[in-house]
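# Report on the structure
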Amino acid sequence: MSASDNNLNYSNTTVNTFYVLTNKNGAQLTVIPFGATVTSLKIPITNGELIDVVLGFDSVEGYEKSFQLDGSPYMGATVGRYAGRIKDGKFELNGKKYQLAINNGANSLHGGIENFSKKNWEVDAVNTGKNPSITLSYVSVANEENYPGELSVSLTYTLTEENELILDYKATTTENTIINLTHHSYFNLEGHQSDVLNQDLVVHAQKVVETREDGIPTGTMLEVANTVFDYRTAKKCPQNIDNTFVVENNDEVKATLFSPKTNLKMDVYTDQPGVHIYVGGNCGSDLKGKENAAYHALSGICFETQNFPDAPNHANFPNAVLKKGDVYTQKTIYKFESL
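Not measured: the values here are computed from a predicted model.

To continue, consider the layout of surface pockets. Counted as a void, the largest pocket has a volume near 580 Å³. Only strand S20 (242-246), strand S23 (274-280) and strand S24 (300-306) provide two or more residues apiece to the lining of the largest pocket. For the lining of the largest pocket, the leading source of residues is S23, giving 4 residues. By residue class, the composition of the lining of the largest pocket is 12 nonpolar, 18 polar and 5 charged.

Next comes the structure, spelled out in structure tokens:
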């Protein structure tokens, strides 16, 4: 289904509705309320072909089934309340200790068991004019997954006339809580049925967050120079990566992906302190992706713009606390250019 009305209230959203936004260049963004998920992002290249640059499924049922897999891929989803891992699922806030649900070894990952990626969000507005957009919202009740405070979140996806996908997040809480939202699309500039190994990756970061084998930070930032994490100049996408890069809070490009095959480039901008990069997308043999695609461990690459994992437990990490009366905001841009 293609949304055709401007700025309408969609409070009685049908969860199986696919909202399609198209800009003047023919680029198309498709979003579903389940997980506030991007299911498709088609970008035109110089020969006029449209390349679907994100992995996904043809039905909402496919997304639901993907959460039954070992190592759920979080395909295209909005992640919260807290993206990344929290050690032992524990943190302390205002002198009170909290125990979150454990869903990743001994740790909590991506907001716990019934996280934002599995929720049906409300569609508050759709604008199909210039720079088409869709705004979705979700209210996480107090103590959901044992997080304090009722958290009200809204997310606006905008597909600009410059072929940018802009994500604007806002959140407020009824009591102090922790928050770390991110977007979990698997990008592939050669189309969602390819792999990313011949695509070039640049990450403008001097440091990476050091982690243990289970992905929990040690609290130390490592210089990337002379390590496998040095992507300050272009290198081919790695076969295995699940790490947070420390980026400067400015308007410059934080990371770039480029396909020599399609001559398509994606630049990543964000106001967040980290870009977590993960190569994956594996859905095994039982669950097929869009157009009957067989997704595997090298199908796509995520650029999860966010705070650092386990930040509530490290005083030297950026603040992850949202106080009552304050407003959490985040802005991330994925900009596409056909060279």
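Still more ground to cover, so stick around.
The next subject is the confidence of the model for the protein. Per-chain confidence: the protein averages 95 in pLDDT, with 96% of residues scoring 70 or above. Under a pLDDT of 50 for its full length, residues 1-12 has, in the predicted model, 36 contacts with residues more than four places off or in other chains.

The tally for this structure, following the rule as stated, stands at 11 salt bridges. We note a salt bridge from Lys-290 to Asp-52, for which the minimum N-O separation is 2.7 Å. Within this pair, whereas Lys-290 is found in the loop between S23 and S24, its partner Asp-52 is found in strand S4 (residues 50-52), the two being separated by 238 residues in sequence. Judged by its relative accessible area of 10%, Asp-52 is buried. The network of salt bridges with shared partners includes Lys-265, Asp-267 and Glu-337.

Counted by the stated rule, this structure contains 1 cavity of 30 Å³ or more. Quantified by volume, the largest cavity comes out at close to 30 Å³. Lining the largest cavity, in full, are Phe-34, Thr-37, Tyr-63, Ser-66, Phe-67, Tyr-74, Met-75, Ala-77 and Ser-117. Among the residues forming the lining of the largest cavity, the class breakdown is 6 nonpolar, 3 polar and no charged.

Let us look at the environment of Gly-26. In this fold, Gly-26 is placed in the loop between strand S1 (19-22) and strand S2 (28-32). Taking the C-alpha atoms as reference points, Gly-26 and Lys-324, 298 residues apart in sequence, are found 42 Å from one another.

Our next topic: the sheet that holds strand S11 (residues 133-140). Strand order in the open sheet formed by 9 strands is S10-S11-S12-S13-S26-S22-S21-S16-S19, with antiparallel pairing between adjacent strands. Bordering the open sheet on either side are strand S10 (122-127) and strand S19 (235-236), each of which pairs with just one other strand. The pairing of strand S16 (residues 200-203) with strand S21 (residues 255-259) spans 4 bridges and is classified as antiparallel. Each bridged residue has a counterpart across the sheet, and for Asp-200 the counterpart in S21 is Phe-258.

Conventions we followed
Residues numbered from 1 in each chain as written. Predicted model: local features only at pLDDT ≥ 70, side-chain atom pairs only at ≥ 80, totals over all residues. Heavy atoms only, no water. 1 Å grid on protein atoms, 1.4 Å probe; cavity = no way out; pocket = protein on both sides within 12 Å on 5 of 7 lines; lining within 4 Å. Points joined across faces, edges and corners; volume = space filled by probe spheres on them. Helix = DSSP H or I, 4+ residues; strand = E, 2+ residues; numbered from the N terminus. Nonpolar A, V, L, I, M, F, W, Y, C, P; charged D, E, K, R; others polar. pLDDT = per-residue confidence, 0-100. Contact = heavy atoms within 4.5 Å. Salt bridge = Lys/Arg side-chain N within 4 Å of Asp/Glu carboxyl O. Buried < 20%, exposed > 50% of the residue type's maximum accessible area, 1.4 Å probe, protein only. Pairing = 2+ DSSP bridges.

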